[in-house]
Amino acid sequence: MNNRRRNPVSSPHLNGAKFLIIALLAIGVFFRFVNLDKKVYWGDEVFTSLRIAGYTLTEATQELFDRQPKTIAELHQYQQPRPDKDITDTIKSLADEDSQHPPLYYVIAHYWEKFFGSGLAVKRSLPAFISLLAFPGIYFLCWELFNSPMLGWVAVTIVAVSPFHVLYAQEVREYSLWTVTILLSSWLLLRSMRLNTKFSWIMYAASLPLLLYTYLFSILIVVGQAIYVFVSEGWRWHKKQIAFLLASGFGLLTFTPWLWIVVNSLSSIQSTTSQFAEKVDLPSLLQIWSFNLSRVFIDLDSQGKIVNFGNPIAVALRVAVILSTAILVAYSIYFICDRTPKRVWLFILTLMGVTGLALILPDLIVGGIRSGVARYLVPCYLGIQLAVTYTIFMMCYAEIFPHTSYGNTGFDNGGIFSLRINSKKFSHLWRSIALVLISLGVLSCTISSQAESWWNKYGSYYNPQVARMINQNKSPLVISSGYVPRVLSLSYLLQPEVKIQFIPQANISQIPPGFTEVFLYRPSAEKLKYRRWQQLNYKIETVYQSPPIYEYLEPISRPSEIWIWKLTKRS
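Residues numbered from 1 in each chain as written. Predicted model: local features only at pLDDT ≥ 70, side-chain atom pairs only at ≥ 80, totals over all residues. Heavy atoms only, no water.

1. Structural notes on helix H13 (residues 218-233)
With 16 residues, H13 extends 23 Å from end C-alpha to end C-alpha; this agrees with the ideal 22 Å at 1.5 Å per step. Buried within H13 we find Ser-218, Ile-221, Val-222, Gly-224, Gln-225, Tyr-228, Val-229 and Phe-230. In this structure, the buried residues of H13 make contact with helix H11 (175-195), helix H12 (198-212), helix H14 (239-263), helix H18 (342-365) and helix H19 (378-397). One or two positions beyond H13, positive phi appears at Gly-234, with a value near 90°. (Helix = DSSP H or I, 4+ residues; strand = E, 2+ residues; numbered from the N terminus. Expected span 1.5 Å × (residues − 1). Buried < 20%, exposed > 50% of the residue type's maximum accessible area, 1.4 Å probe, protein only. Contact = heavy atoms within 4.5 Å.)

Right, here's the structure in full:
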């Protein structure tokens, strides 16, 4: 384990693979930055910008609901850093209303926008740049885990063209940073266990505050790392166990101030995440899990159906894709458990298992769809990608690297899935599987890069269609009594001449003069939709009614909904 071997073997297949890896890496970088401002800036991203600006939602709502028409520029003052608010306001906003999101990413984003501006492409360029650090992160983790730099490059390729990682690399949230800090702490832990030096453990300890202050679920990562250390090294007290306890204790100690805020905000956290506690049946959960698993490698449809051609053939193809992905993942997990030392397979299982079980078990016992939220499962997806990478690499190139990644041990030991991996035909088959998998990833990223909305945009999914209808008018007014982040999301798509007026439901006043068209955007009460406007001598007509969204996923499906009405003064 302490030796680092470099295999001098050359092969036409290997040389070709190197060129392919470089090309795919460039494609992955390209997709992270192309059309950064094209997809709708949805509610969660609006929340991020509120925090960066130092506003709480309560404060912004109170200021906006003054019944005065606002320009788009005036609304966006709540979405960018301001001279009268500093970084302490950003942290306070999170602590008061959103403590489940630790402040590291928001602090970085605050200074990023102060230096580079608050354009939509600038906002999204930060997570895109951060996501590039996942490439060296997974490379060094694979080298440490499998003792193979070439296998590390294959892992980089799979992550580079993963539609899941590309999608969240373009979202103004902390998920790309979470991916990077998971990989960093994992690599430094394995390195510390191999070297067992004071400096290596200090480096690991220093990575933990970064991990914990990025995302609250990072506590589960540390728990998984603790299980890994004590199971792999034994439960007797040795220097490694003591060093790990000191390092992890330091990390948890630095996180204690924020953890105290979280504990005192549990009721608020439960209310803001209550939509994920809805009870669903097991078949629905299995359906959500299967779609999420496939999206790690293949994501061809904006509503998350994997593939959607609008005909029965698409249904069969969708089932085939899901089953093929599930079989590949299941076999890869079996393969890595059967063919690698305990220190390798145990690390991957704990990386996936602790977070996965912490979300799955509550859903099965008390109900909910927490385990169906794809962004919560980043550690699981990284573990899956490590297992798939190892399996594909060994099946394709074990005969080229006979002494790499345990390629010379355990491959003739039988078993129900035992296969002769030195067969050229078998290697060609697995190279074909790898090529199809990567090609579908590139195709997924290509389709997604041209879309205005995608399945992760939830409540803002149809804003592009609504905005086009409003923008066709010369001087329109949009009236809303609803949820402020929804309206702010829409505002990013509206022309500068559009004005928005927030009106409390219980206090509707006369529409101000000077507007060619007046629209009512997603009102939250029947009283506001019809009765009071009729009393004010206006007639109301539907302008845009959305089709159902996610109708194939019953727990999160959204029925057809009228998103915008037009108000016309009666003569």
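So that's the structure; there's more coming.
2. Here we look at the pattern of salt bridges
Side chains carrying opposite charge are able to pair once their charged atoms draw close together. Enumeration over the complete set of coordinates arrives at 19 salt bridges. One salt bridge connects Lys-85 with Glu-59, and the closest N-O pair in it is separated by 3.2 Å. Of the two residues, Lys-85 sits in the loop between helix H4 (72-76) and helix H5 (87-97) while Glu-59 sits in helix H3 (residues 57-64), which places them 26 residues apart along the sequence. What makes Lys-85 buried here is its relative accessible area of 10%. Take Glu-59: its relative accessible area is 24%, and that puts it in the partly exposed class. Linking Lys-70 and Asp-66 is a salt bridge whose minimum nitrogen-to-oxygen distance equals 2.6 Å. Classification of Lys-70 by relative accessible area gives buried; the value is 11%. (Salt bridge = Lys/Arg side-chain N within 4 Å of Asp/Glu carboxyl O.)

3. Some points on the sheet that holds strand S4 (residues 517-521)
One open sheet holds the 6 strands; their spatial order is S1-S3-S2-S4-S6-S5, and the pairing between them is mixed. Since the sheet does not close on itself, it has two edges, and those belong to strand S1 (70-71) and strand S5 (538-546), each with one partner. With 2 bridges connecting them, S1 and strand S3 (residues 499-502) associate as antiparallel partners. Bridge pairing in S3 places Thr-71 opposite Lys-499. (Pairing = 2+ DSSP bridges.)

4. Things to note about the side chain of Asn-292
Among the structural elements, Asn-292 can be located in helix H16 (residues 282-295). The exposure class assigned to Asn-292 is buried, which follows from its relative accessible area of 3%. Among the polar contacts listed, one links the side chain of Asn-292 to the side chain of Arg-295, at a separation of 2.5 Å. One polar contact links the side chain of Asn-292 to the main-chain carbonyl oxygen of Gly-372, over a distance of 2.9 Å. Look past the residues within four positions of Asn-292 in its chain and what remains in contact with it is Ser-371, Gly-372, Val-373, Ala-374 and Tyr-381. (Polar contact = N/O pair within 3.5 Å; in protein donor to acceptor, adjacent residues only side chain to side chain.)

5. Description of the pairing of strand S2 (residues 476-480)
Here S2 lies mainly inside the structure; 5 of its 5 residues are buried. The alternating pattern of S2 places Pro-476, Val-478 and Ser-480 on one face and Leu-477 and Ile-479 on the opposite face, and all of these are buried. Across 4 bridges, the pairing between S2 and S4 is parallel. The partner of Ile-479 across the bridge, within S4, is Leu-520. Crossover S2 to S3 through helix H22 (residues 484-491) is right-handed. (Right-handed = clockwise from strand over helix to strand, strands pointing away.)

6. Some remarks on empty space enclosed by the protein
Taken as a whole and judged by the stated rule, the model has 5 cavities of 30 Å³ or more. For the largest cavity, the lining is made up of 13 residues, of which Ser-131, His-165, Tyr-175, Ser-176 and Thr-179 are closest to its centre. Those elements that place two or more of their residues in the lining of the largest cavity are helix H10 (163-169) and H11. Its residues assigned to classes, the lining of the largest cavity comprises 8 nonpolar, 4 polar and 1 charged. When its volume is computed, the second largest cavity comes out at roughly 70 Å³. Together, Ser-186, Leu-220, Ile-221, Gly-224, Gln-225, Tyr-228, Phe-347, Thr-350, Leu-351, Val-354 and Thr-355 line the second largest cavity. Taken together, the elements giving at least two residues each to the lining of the second largest cavity come down to H13 and H18. Looking at the lining of the second largest cavity residue by residue, the class counts come to 6 nonpolar, 5 polar and no charged. (1 Å grid on protein atoms, 1.4 Å probe; cavity = no way out; pocket = protein on both sides within 12 Å on 5 of 7 lines; lining within 4 Å. Points joined across faces, edges and corners; volume = space filled by probe spheres on them. Nonpolar A, V, L, I, M, F, W, Y, C, P; charged D, E, K, R; others polar.)

7. A closer look at the packing of H13 against H14
Put simply, H13 and H14 touch, their axes get as near as 11 Å, and they point 170° apart. Relative to H14, H13 is oriented roughly antiparallel. Residue-level inspection shows Ile-219, Val-222, Gln-225, Ala-226, Val-229, Phe-230 and Glu-233 of H13 in contact with H14, the latter providing Lys-240, Gln-241, Phe-244, Leu-245, Ser-248, Phe-255 and Leu-259. (Axes fitted to C-alpha atoms, helices over the stretch in contact; angles between N-to-C directions. Parallel < 35°, antiparallel > 145°, perpendicular 65-115°, else oblique.)

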